[in-house]
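# Descriptive structure summary
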There are 2 protein chains.
Amino acid sequence: MNERDLEFNLYELFDSESLLTRTRYQDHDRHTFNGVINTAKAIAEKHFLPIRQKLDTHQPTFDGKKVQLIPELKVAIAAVNESGIGSATADYELGGMQLPPIIASAAGAYLSVGGGVGIGYNMLTTANANLLEVHASDALIEKWVKPMREGRFMGTMAMTEPGSGSGLGDLSTKATKTEEGNYRITGSKIFISGGDHDLSENIVHLVLARVQGAPKGVKGISLFVVPKYLVNDDGSIGEDNEVALAGLFHKMGGRAQTSTALSFGEKNGSVGYLVGEENRGLQYMFHMMNEARIMVGTSGAVLAVAGYQYSVDYAKNRPQGRLPSCKDPLSPMVNIIEHADVKRMLLAQKSYAEGALSLVLYGTQLSDDSRTAKTQEQRQYAHTLLDFLTPIIKTWPSEYGPKANSLAIQVLGGHGYINEHPVEMFYRDNRLNPIHEGTTGMQSLDLLTRKVPMNNRQGYLATLDEIYKTIEQSKPYANLDEFSVQLATAVDTLKETTQSVLTAMSTKHIDLALANSVKYLALFGHVIIAWLWLKQGIVATKALAEQPHQEDKNFYQGKCQALQYFYRFELPKISLWAALLNSTDSSTYDMQVEWF
Amino acid sequence: MNERDLEFNLYELFDSESLLTRTRYQDHDRHTFNGVINTAKAIAEKHFLPIRQKLDTHQPTFDGKKVQLIPELKVAIAAVNESGIGSATADYELGGMQLPPIIASAAGAYLSVGGGVGIGYNMLTTANANLLEVHASDALIEKWVKPMREGRFMGTMAMTEPGSGSGLGDLSTKATKTEEGNYRITGSKIFISGGDHDLSENIVHLVLARVQGAPKGVKGISLFVVPKYLVNDDGSIGEDNEVALAGLFHKMGGRAQTSTALSFGEKNGSVGYLVGEENRGLQYMFHMMNEARIMVGTSGAVLAVAGYQYSVDYAKNRPQGRLPSCKDPLSPMVNIIEHADVKRMLLAQKSYAEGALSLVLYGTQLSDDSRTAKTQEQRQYAHTLLDFLTPIIKTWPSEYGPKANSLAIQVLGGHGYINEHPVEMFYRDNRLNPIHEGTTGMQSLDLLTRKVPMNNRQGYLATLDEIYKTIEQSKPYANLDEFSVQLATAVDTLKETTQSVLTAMSTKHIDLALANSVKYLALFGHVIIAWLWLKQGIVATKALAEQPHQEDKNFYQGKCQALQYFYRFELPKISLWAALLNSTDSSTYDMQVEWF
């Protein structure tokens, strides 16, 4: 991670210190914020970084009975649990530190980079516990969330089934009500991250299943707590609950985290505890999924930052070749960072990685604001923005993170392709992000069919307002003129395109009107990232005017140059996507199955 | 591989049957052409496909003494050797089959897809032997090439050194002349593919080294045959020649082929046999490198085709979700190929993969024409075109192949990310192609600084002529109007941009003028692929007019739709690249090292 850039985001771009005036955070100060970030950094450096490669090359194995993970991971995860970072944002009463999510996210970034997805076990546990705290009964919270907050239990989310990946309405895991008022769960789930391991005393699966007699489709899905082991009334671990590991998947990346096929209740049914009410499971799960989507975007962004930083360091120290202007082939070689094309690959990475990072931190802050901002109006406004932007927060970093990682490989050349350096691992790890928690295609449909029209385009219009505010704020700075004019034009393009797609949706065949929805998300995503770069440019321009010391001056000039890169090399792409959308291009829609 | 598409390329697009009128190929007919292709297909299916995944998951290991490969590879490679396909294009006298390279390439495509890079051992051997046949003495050919053609020896090319990757002028391996007239070689090489293994009796390394006292830089490099074992006069294997395996690299993909660090002559120096004359080694090696560059492009293309075919089959058989127009959530799921966005991802792959395939086959045919076309004028013209196009033939498939493979993963979703399916392997394997045999950045500089200006832009102008011919040929077909108009405009853009870049090169700082050269290659590449798609469209349109049977009709309609996709979704991108080049955008050039 780039410490200076995190500091820039937290304290210059998003003013995290202002959070200290909120009651929830009143015990904190910038010192405690930095304390937790530094603790995370120390744990990452001490426990995760030394085993990062080993986690990647020693995939978890399954001997038919137990999952084998390298023993060092358990030690590293214990260190995270002891530090309390796993529950950094939770209430004091539940064993948490009541830290703002944006600070927890910055701390988590170090752990993610250091540990690859090793830290994923903790992150999923946190997300699981967060969901239960909102939707489960006190009894369930006492029994399952407390041990998760203490780090004794870990959590998963078990949604996907072999016969229905993204189509949750088609899932078929069954729940049968018992006389004691609990349920017996039977069925199969796949791709369950952290679905089995020996890192904790117990595993708390959140399982989507269909109660017998429930309506078909998405309206008949309920959510259950299904532990690996039952827990006795005194809190001790009880019987095995028939959650069997059917197999491990071998993933291209993210190998530290088991991806499992689980089979529930093959004999008598696994005991399941209903969360909330029957048939509302998907709603509850969506609560977790929105959080999970920000997490996925964060992973995309953080891996991009990691690859960028690594390749910058490499390029600064690797001599190779000479500049075209050099007429003497016997002169000393230059470091490759001097080559314009290497600069291009680094600047592109910077513009993707730091643009994505500011987007996910903005999303994290909105999520916090929607719960802890001072007025109901502010909370509602933040909620509106976040709800609208979630598909973009999930998708843009997921799509551009792997592109950044590919450039990091290219900067290193042959050395980037071998596991002596971690950039090829970042590339593999990051490739999952456009897939899980809703593919890019699904996010695009969500954006166009739900998020844009929702509440008379409230979220859409609020987002445009925010962009216009930034354009207005940039006016005093002449060096930003070029960019604010370009952004205003881009917003015009976005508005026209939105109108034309919505018109097509109501006048043309809906499948045709939505055929290029991925390009709509691409367009909107680029406008959002351009907006965040302009925001960063304003902060940097102001700071430069105050004659900072040389190191800071370099940092701010780098920001301005990455801003320029994004506006010159990236933002113009929206005109191509707009053209396809405005003409309701039918090339893909017209393609017939038998022509392939 | 898609058999129908190969047939289309060979017999409809490039008219390979016309090669039969050339003396060299007079013993062949379409029957023998297809015979060798079918043999390759049979070997791929019998020997390579069953071990493809095992080759990927069982990387070669090094116990300090010997490299361990899975034993099945030796069997598979023996089958290739027995079939004679390894020397398909070589002269009869040298044990070859005198087949046209385009036919050998089609045969090789099956082996590449079936065996991943397992077949790379043979391909490198062929390239090595081809070079020696042109540049080495008869004695060297007798001693080293014959056993390679027989499959008893294998070959490598040993160029890269730890201290100089792409900068060959800086290499430091030494050659000292001995009294017997041979040389002793000492030095270290890295990233040598197939540098050690137990697949053959001996390994023939082609080593670039600097004879003591030679000029510095690229003009003082000589080429040597340095075998793993010396060979006695009776042809039996002799002494160990001090070529020590210093270690194996662990690559992200292409794992069947060892990538080695070799150390030459640590005691007395390895015996080396000079190829041709001293100090002309780089010239000879370039002969091989041009071939190797077509091979790399071919690998990019063929892996893209493989991923495309696999994801089409998957999408046709995987039910998931419903179309937006479906109002009944309880209706049966559709196969995912029905979703417009899945069609988009498949069409994009088709346009990349089949566009790239036709480019590399065109390049292969030019290479053949430059040697076997009937008149000297024709041979010269083919040579001019090939020489000019090589950076594009190498780069475009290398850059767009991995993009296609990424889309194949996305089509499969979570299933694409695990090794149950081969698409994630294709993605990893293909990522090497933009790196080896000259990175994309280096190819771009080669194109702009050498290939475009060369001989009064002869190659450049010949290429434009070819494009104009196709535009002219498309005129009778109304359905192609849209595309030929667009292509003519694209060529105008290319011409303006070329002029403006050349002007900048002579009037502005050369490092600035070349800063965006990668975008120039991208632009030219897209025009070339658009041209080849129009060529394909003409053939398909003609064929459709002849009322083919339904299966062929589908095939040709698929071609037309992929053509349309490329012109609507891809070709417009050139306007953005042209804008950057025409304005000599300085964003990357201006970036300072300390700002990163």
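Chain A has the name Acyl-CoA dehydrogenase in an unreviewed UniProt entry, where Colwellia maritima is given as its organism. Its UniProt record gives chain A the following Cofactor (unreviewed entry) comment, quoted word for word: "FAD".

In this section: the overall build of chain A. Scanning chain A from terminus to terminus reveals 19 helices and twelve strands. Over its C-alpha trace chain A gives a radius of gyration of 25 Å, about what one expects of a compact globule, namely 25 Å for 596 residues. For chain A, the spread of C-alpha atoms along the three principal axes comes to 80 × 60 × 60 Å. Within chain A, buried positions represent 64% of all 596 residues. In chain A, once contacts between residues fewer than 6 apart in sequence are set aside, the share between residues at least 24 apart is 74%. Within the structure as shown, chain A displays about 21,500 Å² of accessible surface, and the carbon and sulfur contribution to it stands at 50%.

Here the focus is the relation of the copies chain B and chain A. For the pair chain B and chain A, the best superposition has an RMSD of 0.0 Å and corresponds to a rotation of 180° with a translation of 0.0 Å parallel to the axis. Such a combination of turn and shift is consistent with a two-fold rotation axis. Relative to the rotation axis, the closest C-alpha in chain B is found at Lys 573 of chain B, a distance of 3.8 Å. A share of 99% of the interface residues of chain B reappears at the interface of chain A, consistent with the copies meeting face to face through the same patch.

Glancing now at the environment of Thr 395 of chain A. All names here are of chain A. Tracing the chain through its elements places Thr 395 in helix 10 (residues 376-412). Taking relative accessible area as the criterion, Thr 395 reaches 1% and is therefore assigned buried. Sequence separation between Thr 395 and His 58 is 337 residues; the distance between their C-alpha atoms is 29 Å. Setting aside anything within four residues of it in sequence, one finds Thr 395 in contact with Thr 440, Gln 443 and Leu 521.

With that settled, the discussion passes to the pattern of salt bridges. Residues and elements named next belong to chain A. Taken as a whole and assessed by the stated rule, the structure comprises 57 salt bridges over all chains. In this structure, Lys 350 engages Glu 354 in a salt bridge whose closest nitrogen and oxygen atoms are separated by 3.2 Å. Of the two residues, Lys 350 and Glu 354 are both situated in helix 9 (residues 340-372); the distance of four residues between them amounts to about one turn of the helix. Neither residue differs from the other here; Lys 350 and Glu 354 are each classed as buried. Between Lys 451 and Asp 446 there is a salt bridge, and its shortest N-O distance comes to 3.3 Å. Accessibility expressed as a relative area gives 3% for Lys 451, which makes it buried. Salt bridges sharing common partners tie together Arg 4, Glu 7, Glu 12 and Asp 552.

Another point: the side chain of Asn 405 of chain A. Residues and elements named next belong to chain A. Tracing the chain through its elements places Asn 405 in helix 10. Classification of Asn 405 as buried rests on a relative accessible area of 0%. Those residues in contact with Asn 405 that lie beyond four places of it in its chain are Leu 303, Ala 304, Gly 307, Phe 426, Tyr 427 and Asn 430.

Moving on, we get to the packing of helix 10 of chain A against helix 11 (residues 423-430) of chain A. Residues and elements named next belong to chain A. Relative to each other, helix 10 and helix 11 sit at 160°, their axes nearing to 9 Å. Judged on the interaxial angle alone, helix 11 and helix 10 are roughly antiparallel. Of the two possible hands of crossing, helix 10 and helix 11 adopt the one that is left-handed. In contact with Gly 401, Pro 402, Asn 405, Ser 406, Ala 408, Ile 409 and Leu 412 of helix 10, helix 11 contributes Val 423, Glu 424, Phe 426, Tyr 427 and Asn 430.

In this complex, chain B contributes 92 residues to the contact, which on the side of chain A involves 91 residues. For the chain B and chain A pair, buried surface summed over both sides reaches about 7,900 Å², with 62% attributable to carbon and sulfur atoms. Sorting the residues of chain B by area buried against chain A places Tyr 417, Trp 595 and Phe 596 of chain B first, and these three jointly supply 11% of that buried surface. Our enumeration of links across chain B and chain A arrives at four salt bridges. Along the contact surface separating chain B from chain A lie 33 residue pairs in polar contact (both at pLDDT 80 or more). Looking at the side of chain B that touches chain A, the element that brings in the most residues is helix 17 (residues 550-570) of chain B, giving eight residues. Looking at side-chain class alone, the side of chain B that touches chain A contains 37 nonpolar, 32 polar and 23 charged residues.

This next bit is on the UniProt feature "domain: Acetyl-CoA dehydrogenase-like C-terminal" (unreviewed entry) in chain A. When the UniProt feature table is mapped onto this chain numbering, "domain: Acetyl-CoA dehydrogenase-like C-terminal" (unreviewed entry) sits at residues 464-592 of chain A. Structurally, residues 464-592 of chain A is divided into 81% helix and 0% strand, and its ends, taken at the C-alpha atoms, are 38 Å apart.

Bringing the domain arrangement of chain A into the picture now. When the parts of a complex come together, some accessible area is lost, and that lost area is often taken as the interface size. All names here are of chain A. Domain annotation of chain A identifies domain 1 (3-135), domain 2 (153-279), domain 3 (280-438) and domain 4 (450-596). Of the roughly 1,300 Å² buried between domain 2 and domain 3 on both sides combined, carbon and sulfur atoms contribute 73%. When the buried area of domain 2 at its contact with domain 3 is split by residue, Met 157, Met 252 and Glu 277 rank highest and sum to 36% of it. At the junction of domain 2 with domain 3, the criterion picks out one salt bridge.

The next point concerns the environment of Asp 234 of chain B. Residue and element names in this part refer to chain B. Among the secondary structure elements, Asp 234 is positioned in the loop between strand 8 (229-231) and strand 9 (237-240). The exposure class of Asp 234 is exposed, given its relative accessible area of 64%. Among the polar contacts listed, one links the side chain of Asp 234 to the side chain of Ser 236, at a separation of 2.6 Å.

With 99% of its residues at a pLDDT of 70 or more, chain A has an overall mean of 94. This prediction of the complex comes with two scores: 0.96 for pTM and 0.96 for ipTM.

Looking now at the UniProt feature "domain: Acyl-CoA dehydrogenase/oxidase C-terminal" (unreviewed entry) in chain A. As recorded in UniProt, the feature "domain: Acyl-CoA dehydrogenase/oxidase C-terminal" (unreviewed entry) lies at residues 279-446 of chain A. Helix and strand shares over residues 279-446 of chain A are 73% and 0% respectively, and the end C-alpha atoms of the span are 22 Å apart.

A separate point is helix 7 (residues 138-149) of chain A. All names here are of chain A. All buried positions along helix 7 are accounted for by Leu 140, Ile 141, Trp 144, Val 145, Pro 147, Met 148 and Arg 149. Where helix 7 is buried, its residues meet helix 6 (120-135), strand 3 (153-158), strand 6 (202-211), strand 7 (222-227), strand 8 (229-231) and strand 12 (270-274). Gly 151, located one to two residues past helix 7, shows a positive phi value of around 85°.

Residue and element names in this part refer to chain A. Unlike most non-glycine residues, Asn 455 shows phi in positive territory, near 45°. Tracing the backbone shows Asn 455 in helix 13 (residues 454-474). According to the relative accessible area criterion, Asn 455 is exposed, its value standing at 54%.

The rules behind each value
- Residues numbered from 1 in each chain as written.
- Chains lettered and ligands numbered in written order.
- Predicted model: local features only at pLDDT ≥ 70, side-chain atom pairs only at ≥ 80, totals over all residues.
- Heavy atoms only, no water.
- UniProt positions renumbered as here; feature names shortened; annotations may be inferred.
- Helix = DSSP H or I, 4+ residues; strand = E, 2+ residues; numbered from the N terminus.
- Rg over C-alpha atoms; globule rule 2.2 N^0.38 Å.
- Buried < 20%, exposed > 50% of the residue type's maximum accessible area, 1.4 Å probe, protein only.
- Contact = heavy atoms within 4.5 Å.
- Areas by Shrake-Rupley, 256 points an atom, 1.4 Å probe, with all protein chains shown as cover.
- Least-squares fit on C-alpha atoms with pLDDT ≥ 70 in both.
- Salt bridge = Lys/Arg side-chain N within 4 Å of Asp/Glu carboxyl O.
- Axes fitted to C-alpha atoms, helices over the stretch in contact; angles between N-to-C directions.
- Parallel < 35°, antiparallel > 145°, perpendicular 65-115°, else oblique.
- Left-handed = near helix turned anticlockwise from the far one by under 90°.
- Buried area = accessible area lost by both parts, 1.4 Å probe.
- Polar contact = N/O pair within 3.5 Å; in protein donor to acceptor, adjacent residues only side chain to side chain.
- Nonpolar A, V, L, I, M, F, W, Y, C, P; charged D, E, K, R; others polar.
- Domains from an automatic or database assignment.
- pLDDT = per-residue confidence, 0-100.

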